[in-house]
Amino acid sequence: MIDIVANKTSGKGNGAKSLAKAVAYLDERGIEYSVHETTGVGHGKKITQSLCDNGATTVVALGGDGTFHEVLNGMDFDKARMGFIPAGRGNDFAIGTKCASLDPVKAIASIVNGVPRELDYIRVADKRCLNVAGTGLDVEVLLKTSNSNNKLTYVASLFRCLLKYKPYRVTVECNGETREYDCIMTGVCNGTQIGSGIRLSPVSIADDGKLDVIVMEKPKRVPTVLVMPKFVKGKHMSKPYTHHMICESVRVQTTAPVQLDGEIYYDLDFDASVVKHGVKTFTNIENT
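This one's a predicted model, so the numbers in the text were calculated from it and none came from an experiment.

S.K.: Any chance you could explain helix α1 (residues 10–28) here in plain terms?
M.R.: Over its 19 residues, α1 runs 25 Å from end to end, which matches the ideal 27 Å to within 8%, given 1.5 Å per residue. Here α1 has its buried residues at Ser-10, Gly-15, Ser-18, Leu-19, Ala-22, Val-23, Tyr-25 and Leu-26. The arc that holds every buried residue of α1, seen down its axis, measures 150 degrees, which confines them to one face. Turned more than 90 degrees away from the buried face of α1 sit Lys-12, Lys-17 and Glu-28, all of them exposed. Looking at the buried positions of α1, the neighbouring elements they touch are β1 (2–6), β2 (33–37), β3 (58–63), β4 (81–86) and α5 (104–113). Gly-30 sits one or two positions beyond α1 and adopts a positive phi of about 65 degrees.

Encoded structure:
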């Protein structure tokens, strides 16, 4: 039995199209399934919790990174495995980690194929995060683009925000050291990209049992807006304004909101640790 938690409104209607293709595949093969449509923020988590409490063994998240985030936070991995069918605007986690095909037929086929795979996730206080937990400019951009379905809006808003963005002080406790930074953005990364393809942490591997902490400071000699093309393409890692730490846990002290997989949280302690191989999922057939 496959339970699909579906956000049909994700990706400007891509959710509904992807769902139709996935269930057609299952129908053709006589595979038993049930579809559970989300109706609002937080509903995906509640559905998933109920499914796991009532004996579900395979729970599939169909939607964007926000839907993945909700299903992840409702999962009981002692009882069930989680499948992914990407159907959002950016699909950053799936693209960055290659955990699932962007073709919904291949994505559901991977789940039916049933070859197990384990991925890491990030625990931030009492929340789970698949891709990137961050604070700073990314949160400001998300707040400005929350009501937009334009895939280009994130990058465009990023450049606009940079014109007046003022860095703020963060304290990062990592690997036994405490350092302060004048931060533009701080990301704790399991995946590689955010914002529909911005390669924040191109070196991240989602099953290595490690977190990549990226802190970007304000460049001292160059206007910040001029370094953004390198940032978008993932060519910022060797620059003096970028600080990269590899760890299993990190604490970021900040008064600013925090985003987890693009979902914004207020008053959340940014105390993050990796849960090694915590996500019980399936091997993408495109990788075999």
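Read on, since the account is not over.
S.K.: Help me understand the side chain of Asn-91 in this model?
M.R.: Among the secondary structure elements, Asn-91 is positioned in the loop between β4 and α4 (92–97). Side-chain polar atoms of Asn-91 contact the backbone nitrogen of Gly-88, separated by 2.8 Å. Discounting chain neighbours no more than four positions away, the residues touching Asn-91 are Gly-63, Gly-64, Asp-65, Pro-86 and Leu-102.

S.K.: Help me understand the pairing of strand β9 (residues 177–189) in this model?
M.R.: Looking along a regular strand, one sees the side chains alternate between the two faces of the sheet. Examined bridge by bridge, strand β7 (residues 132–136) and β9 share five bridges and lie antiparallel to one another. Note on β9: the bridge partner recorded for Ala-133 is Val-188. With antiparallel pairing between neighbouring strands as the criterion, strand β8 (residues 168–174) and β9 make up a hairpin whose turn holds two residues, including Asn-175 at a positive phi of roughly 55 degrees. Where β9 meets strand β10 (residues 211–217), six bridges bridge the pair, whose relative direction is antiparallel. Residue Thr-186 lies in a different strand from β10, and its bridge partner there is Val-215.

Scoring rules and cut-offs
Residues numbered from 1 in each chain as written. Predicted model: local features only at pLDDT ≥ 70, side-chain atom pairs only at ≥ 80, totals over all residues. Heavy atoms only, no water. Helix = DSSP H or I, 4+ residues; strand = E, 2+ residues; numbered from the N terminus. Expected span 1.5 Å × (residues − 1). Buried < 20%, exposed > 50% of the residue type's maximum accessible area, 1.4 Å probe, protein only. Arc of directions from axis to C-beta. Contact = heavy atoms within 4.5 Å. Polar contact = N/O pair within 3.5 Å; in protein donor to acceptor, adjacent residues only side chain to side chain. Pairing = 2+ DSSP bridges.

Honestly, it's all geometry; don't read function into it.
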